[in-house]
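Each chain is listed here by its residues.
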Amino acid sequence: MAATSGAAIEGVLPSRLSPADREQIERRVQQIGRGLLEQSLAAEPTAVSLEWWAQQAGEWATHDDDLKLRLFRLVDCMPMLEDPDSLDRHLREYIDDDVITRLPSSLRVALQAARSGLLAPLAARAIRAAVLAQARRFIAGSNPAEAARAALAQRRRHRGFTLDLLGEAVTSESEADAYADAYTRLLTELPRLAAAWPADPLVDDGPDGPMPRVNVSLKLSALDSQFDAIDPLGTSHRVLARLRPLCRLARAHDAHVHIDMESHATKDLTLAIFRQIAMEDEFRDWPHCGVVVQCYLRESLRDLESLAAWARDRGTPVWIRLVKGAYWDFETVHAEAAGWPVPVWQQKWQTDACYEAATTFVMEHATTLRPALGSHNLRSLAHGMAVAEHLGIDRRGIEMQMLHGMGDAEKEAVTAAGWRLRIYMPYGELVPGMAYLVRRLLENSSNDSFLRAGFVKHVAPATLLAAPAPVANADNAGADPPSAAGPLAAIGFHNEPLADFSIEASRRSMEEAVARLATGLAARPVAVASVIDGHRVESGDVFPRHDPSDHDRLIANVAAATPADADRAVTVARQALPFWNQVGWERRAGILEKAADIMRRRRFELAAIEVFEVGKPWREADADVAEAIDFCCYYAREARRLAAPARVDVPGEENTTEWLPRGVAVVIAPWNFPLAILTGMTTAALVTGNTVVMKPAEQSSLIALRLYELLLEAGVPPAALAFLPGRGEEVGPTLLSHPDTAMVAFTGSRAVGLAIHAQAAAASVAAGSGQVKRVIAEMGGKNAIIVDDDADLDEAVVAVVQSAFGFQGQKCSACSRVIVLDRVHDSFVRRLSEAVKSLRVGPAAEPGTRVGPLVDAEARDRVQSFIEVGRRTAREVVAVDVGTLAGRGWFVGPHLFADVDPAGPLGQEEIFGPVLAVFRARDFTRAIKLANGTPYALTAGVFSRSPSHLHEAAASLQAGNVYINRGITGALVRRQPFGGYRMSGSGSKAGGPEYLQQFLVARTVTENTLRRGFAPPRRTT
Ligand SMILES: Cc1cc2nc3c(=O)[nH]c(=O)nc-3n(C[C@H](O)[C@H](O)[C@H](O)COP(=O)(O)OP(=O)(O)OC[C@H]3O[C@@H](n4cnc5c(N)ncnc54)[C@H](O)[C@@H]3O)c2cc1C
């Protein structure tokens, strides 16, 4: 691990400060810091204040991780628990008998009262009221009028404010409009009120004249339902269309607009949009705008440097609010789970040091970057004050900022010291406010929180005010964080990270690959033909394959294999068996790893083929390539595990069980995961010593050819792998009935899967067959997601949309039914409908496309016929019209039907398209019954915050893959072995530890080692 020191962080940015300056500044930091600290401690919150209770609640929770988790989860769903039964149930479930004994006595008594006796409902309601009061503590009112009153109250204490509208995650254009409308009203009405407020020089006097009295903070992700860094152009365009009028209004009414910063994934895009609008002629000379920079990001100092150069060029200063960052836990966990580099510093002192370096830099550029220090850490603030003093910066050009409801004693101290202090004041409804509250609770209860250290744990002032530096006794002091692979190492397998399209280089690589392929195809479509024993086989039966997004683009001309080709392919594969077997497990595993390396190298090229050949949008295409890489690596690993024969020896007897290949494997693959599934089945068969005849889907012959070629390049001998594109109905019967075919690995529809089973069985019993043909069949699903009445609807809407409409619903794992509990049914359907209407339908090659075309005309017609059935038998809630796209490609817009008959076609049949049926369930048990009420058992999901319901769902949802509080697609190799049972498949789990055995037979040799009472010594291994 490379060491990072405070000086290294500081040294990233140029500074005029000499070591002597820094020493002098440090002395002042201590003086200022002590003053602020003493004054704050003198006014510490007392047991009668809400702040004290908030601190204590956080404190109790910090000693017990399980308790913290339960309390925070309970708090999170509290606003949804309006009905007494639900409230009572959740209280009991989260705070059970064991937990209650671990609570401090005051809380224990209240909770015990809430769990028993006549007063139980009253006590439960009192607890809910107390929690909601806590939440309100951080919120400055539920509407603009209340917020305005709270803002005025701050001014009376000589503080400024910035108002932030709390909102649900914006999942639809109507929600984005509502957000923009709310700011429009605020920016129209509040300045009128504010004009009448008495002047306050501390708050109002700015560096170049009066500061706007009204100041708002807003989140760009709330201005566009499709806000996504994968499509910076489209996103910027839509965001700016809503942001411009707001900025115009703010300018006209003399208000300040500040752009908040959210997740790292959207940081570059947010900065780019801010820079773009601030540079437009209309706003270029406007000084009353700004943006947040989060110093917990390792990139923050570089971002500041680039902002400084940009602001110089702009010629008018902008405000930079420096914060540490509110999503530290999320950023860490998210990156670790994705296998991406963690973007945030992993040690608190590093964030603090980065904050100080950023402060110094901004102060040194204060004429272009106006410093606003958002922190409750008195050391961080004192440092800023000392630097400002040292550099002789006019205080009117700087401000300190703090959050509403936190660190009230500190606020008094900062204002008393003569600094302008601005309070960040969120307002809005409690339900959407809970995410904000939980962030604050996390912050308050963190071991690394300054507020907790100073005001709850009463850490010594010298420690609190010490300059950021590695903690002397920490094991990894000074070290950089472990790589993102760290936590994943525990599962023993690293999934190939998906491309991070928030990174410009990834976007560019994909864009170039798509453009290159488009040019290549325009010049010459690919001629795909069978390859047997390494020789290309032409055929008279050639069919064209067009781009599903654009009929005019020819992708390939495919020479279809004939039954005679199929016959020869199996014969050659049988002859190659002994040789391929001798190659051995280790070399075969190595070949798979080499194939993975080739795929990694050609990752974007392969993804681009999928974009054009089957209409996969960028992210889905990239994920398919990543999964193919995973299959190669995982099956290579598994093969090594199975290579060594298993021994069970007892005195006088030795037993050895070894795995043998079955023989020739016919692989019949679908087009929907055209690389991953074909790779998975083919490499599983090959690595276990079988030879393979690979029959890809007609629609995805080109990507299959590329797989065939790269497997040969990796070292698979030509005789061991035949490539047989073409029509299933033509070659299928020959492949299945061939006496040398030992097994069939199939993924596709239920009808074809069952037909393969029947044909294989018939061939097995036919005269002269000589073997029982093994069939592995992964078939369809009619997958459901249940949305409970306490579910987080923000998350449920996003996950249902993604699961139902990702790749146009053409995944066997896709959600095609959503079952919603009665109490939230209407509100959920309302939000879901708006979200579905907002999905961008378009050609797969465009990065902003969320819903692309269907794979071919047959798929389109089939889906259309289901839509007709839906119109006749259910209530059509959403029908997205694809307009002129219908003439260009096989497009069908997303559809949503409600009041669907569970026993009818929309409730029972696999549609494989962007059609989602909604069902209403009166209670949770009924919801489970509905979910299980089809012949399939592939995937299922549930959104709930009730532990007992989650337990019930996990135990009783009939599906091979059950997902809790997340979407139901995107299973990862090793982490979520994938496959269903009943009519969804034969129960084998692709990407799981038992998968390779399906391609093998076990052979056990038993030797009696006893001769005349004499046995060899026992083995020790
Ligand atoms: C006016 C204002 C506006 C804000 N706007 C935004 C915004 O737009 N976007 C946003 O993300 N946040 C925003 N915040 C929230 C702010 O990021 C947190 O309140 C802040 O991080 C807390 O830092 P602190 O200096 O007050 O406290 P401290 O206790 O000194 O620092 C706590 C912070 O340190 C970081 N940290 C914690 N543990 C570690 C660790 N192990 N390794 C490295 N770093 C760690 C985290 O960022 C954590 O929040 C805003 C805050 C204020 C006051």
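Residues numbered from 1 in each chain as written. Predicted model: local features only at pLDDT ≥ 70, side-chain atom pairs only at ≥ 80, totals over all residues. Heavy atoms only, no water.

Draft legend 1. Up close: the site of the ligand. With respect to spatial proximity, 31 residues lie near the ligand, and among them G325, T351, S375, H376 and F450 are the closest. Contact between the ligand and Q294: an oxygen atom at 2.9 Å from a side-chain N or O atom of the residue. Here a nitrogen atom of the ligand sits 2.6 Å away from a polar atom, N or O, in the side chain of T351. The set of elements that each furnish at least two residues to the shell around the ligand consists of β6 (289–294), β7 (318–323), α16 (348–364), β9 (399–403) and α19 (430–445). Of the residues assigned to the shell around the ligand, the class counts are 12 nonpolar, 11 polar and eight charged. (Near = heavy atom within 4 Å. Polar contact = N/O pair within 3.5 Å; in protein donor to acceptor, adjacent residues only side chain to side chain. Helix = DSSP H or I, 4+ residues; strand = E, 2+ residues; numbered from the N terminus. Nonpolar A, V, L, I, M, F, W, Y, C, P; charged D, E, K, R; others polar.)

Draft legend 2. Structural context of the sheet that holds β7. Strand order in the closed barrel formed by eight strands is β1-β4-β5-β6-β7-β8-β9-β10, with parallel pairing between adjacent strands. Taking the axes of each pair of neighbouring strands and ignoring which way they run, one obtains an average angle of 30° across the sheet. The sheet contact formed by strand β4 (residues 214–218) and strand β5 (residues 255–259) spans five bridges and is parallel. Paired with V214 across the bridge in β5 is A255. Contacts from helix α13 (residues 267–279) reach β5, β6 and β7 within the one sheet, and its direction differs from that of β6 by about 160°. (Pairing = 2+ DSSP bridges. Axes fitted to C-alpha atoms, helices over the stretch in contact; angles between N-to-C directions. Contact = heavy atoms within 4.5 Å.)

Draft legend 3. Fine view of the sheet that holds strand β17 (residues 653–661). With antiparallel pairing, the three strands of this open sheet are ordered in space as β16-β17-β32. Unpaired on one side and paired on the other, β16 (646–647) and β32 (1000–1008) mark the two borders of the sheet. Here two bridges tie β16 to β17, and the two strands are oriented antiparallel to one another. Residue pairing across strands places R647 opposite T656, the latter belonging to β17.

Draft legend 4. View of the state of the cysteines. Scanning the model with the defined rule gives zero disulfides in all. You can see C289 has no disulfide; the closest cysteine sulfur is in C247, sitting 7.2 Å from it. Note on C289: relative accessible area 5%, which makes it buried. Just so you know, C295 is unpaired, no disulfide at all, and the nearest cysteine sulfur is the one on C354, 5.0 Å from it. (Disulfide = S-S within 2.5 Å. Buried < 20%, exposed > 50% of the residue type's maximum accessible area, 1.4 Å probe, protein only.)

Draft legend 5. Structural view of the pairing of strand β26 (residues 895–898). Because side chains alternate across β26, one face comprises the buried residues H895 and F897, and the other comprises L896 and A898, equally buried. With four bridges joining them, strand β25 (residues 875–879) and β26 adopt antiparallel strand pairing. Across the sheet, the residue bridging to E876 is F897, located in β26. Note that β26 and strand β27 (residues 915–921) share three bridges and pair parallel. Across the sheet, the residue bridging to H895 is V915, located in β27.

Draft legend 6. Representation of the packing of aromatic side chains in the model. If you walk through the whole model with that rule in mind, you get 13 aromatic pairs. Between F283 and W286, the ring centres sit 5.8 Å apart and the planes meet at 45°, which makes this aromatic pair tilted. One exposure class covers both F283 and W286, and it is buried. Centre to centre, the rings of F493 and Y634 are 5.3 Å apart; their planes meet at 70°, and the pair counts as edge-to-face. A residue pair is termed long-range when its members are at least 10 positions apart, and F493 in the loop between α22 (485–488) and α23 (504–523) and Y634 in helix α26 (residues 618–643) qualify at 141 residues. Here F493 and Y634 have matching classes, each one buried. Taken together, the aromatic side chains of F493, F631, Y634, Y635, Y995 and F999 make up a single cluster linked through ring pairs. Here the guanidinium or amino end of R588 rests over the ring plane of W580, the centre of that ring lying 5.8 Å away. Over the aromatic face of F673 sits the side chain of K616, whose NZ or CZ is 4.1 Å from the ring centroid. (Phe/Tyr/Trp six-rings, centres within 6.5 Å; stacked < 30°, edge-to-face > 60°. Lys NZ or Arg CZ within 6 Å of the ring centre and 35° of its normal.)

Draft legend 7. Highlighting the pattern of salt bridges. Taken as a whole and judged by the stated rule, the model has 67 salt bridges. Two residues, D541 and R727, come together in a salt bridge whose shortest N-O distance is 2.5 Å. Here D541 is found in the loop between β13 (535–537) and β14 (542–547), whereas its partner R727 is found in the loop between β20 (721–723) and α29 (728–737), with 186 residues between them in sequence. Of the residues examined, D541 reaches a relative accessible area of 30% and is grouped as partly exposed. Connected through salt bridges with shared partners, the residues E496, D597, R600, R603 and D622 form a single ionic network. (Salt bridge = Lys/Arg side-chain N within 4 Å of Asp/Glu carboxyl O.)

Draft legend 8. Representation of the nonpolar core. One finds L218, L243, L304 and L322 to be the most contacted residues of the largest nonpolar core, which totals 139 residues. Those residues in contact with L243, other than ones at most four positions away along the chain, are L218, L220, L223, I259, I273 and I277. If you look at the next biggest cluster of nonpolar residues, it comprises 86 residues, including V558, C633, A685 and L1000. (Core = buried A, V, L, I, M, F, W, Y, C linked by side-chain atoms within 4.5 Å.)

Draft legend 9. Just the side chain of E280, in detail. In this fold, E280 is placed in the loop between α13 and β6. Its relative accessible area of 19% is what places E280 among the buried residues. In this structure E280 touches L240 and R244, once residues within four positions along its chain are discounted.

Draft legend 10. Structural context of the packing of α16 against helix α17 (residues 378–391). As a packed pair, α16 and α17 sit with axes 10 Å apart at the nearest point and diverge in direction by 30°. On the basis of their axis angle, the class for α16 and α17 is roughly parallel. Classified by chirality, the crossing of α17 by α16 is right-handed. Between α16 and α17, the contacting residues are Y355, E356, T359, T360, M363 and E364 on the first element and R379, S380, H383, G384, V387, A388 and L391 on the second. When the residues that make up the contact of α16 with α17 are grouped by side-chain class, the tally is five nonpolar, five polar and three charged. (Parallel < 35°, antiparallel > 145°, perpendicular 65-115°, else oblique. Left-handed = near helix turned anticlockwise from the far one by under 90°.)

Draft legend 11. The arrangement of helix α2 (residues 19–42) in detail. When the terminal C-alpha atoms of α2 are compared, their 34 Å separation across 24 residues agrees well with the 34 Å that a helix rising 1.5 Å per residue should span. Buried within α2 we find I25, V29, I32, G33, L36, L37 and S40. The elements touched by buried residues of α2 are α17, α18 (408–416), α20 (450–455) and α21 (461–464). (Expected span 1.5 Å × (residues − 1).)

Draft legend 12. Inspection of the packing of helix α24 (residues 563–601) against helix α28 (residues 701–714) at higher detail. Two numbers describe how α24 lies on α28: the axes approach to 8 Å, and their chain directions differ by 125°. By the angle class used here, α24 and α28 are oblique. Helix-helix and strand crossings are classified by hand; for α24 and α28 the assignment is right-handed. Here I591, K594, A595, I598, M599 and R601 of α24 lie close against α28, whose contacting residues are L707, L710, L711, E713 and A714. Looking at the contact of α24 with α28 residue by residue, the class counts come to eight nonpolar, no polar and three charged.

Draft legend 13. Representation of the environment of I609 within the structure. With respect to the helices and strands, I609 occurs in helix α25 (residues 603–614). For the pair I609 and S700, spaced 91 residues apart in sequence, the C-alpha separation works out to 9.2 Å. Beyond its immediate stretch of four places on either side in the chain, I609 contacts L517, V614, L702, I703 and R706.

Draft legend 14. Representation of helix α8 (residues 120–137) in the model. Over its 18 residues, α8 extends 26 Å from the first C-alpha to the last, a length consistent with the 26 Å expected when each residue adds 1.5 Å. Taken as a whole, α8 has its buried residues at A120, A123, A124, I127, R128, V131, L132, Q134, A135 and R137.

Draft legend 15. Expanded view of unusual backbone geometry. The phi dihedral of Q808 is positive, around 60°, even though this residue is not glycine. Within the secondary structure, Q808 is located in the loop between α31 (793–805) and β24 (815–821). One non-glycine residue with positive phi stands out, namely R974, at about 75°. By relative accessible area, R974 is classed as partly exposed at 27%.

Draft legend 16. Structural detail: the side chain of E331. Topologically, E331 is positioned in helix α15 (residues 328–338). Of the side chains bearing the opposite charge, K267 lies closest to the buried E331, which forms no salt bridge; the N-O distance is 9.8 Å. Excluding residues that lie within four positions of it along the chain, E331 makes contacts with E262, S263, H264, Y296, P343 and V344. (Lys, Arg positive; Asp, Glu negative; His and termini not counted.)

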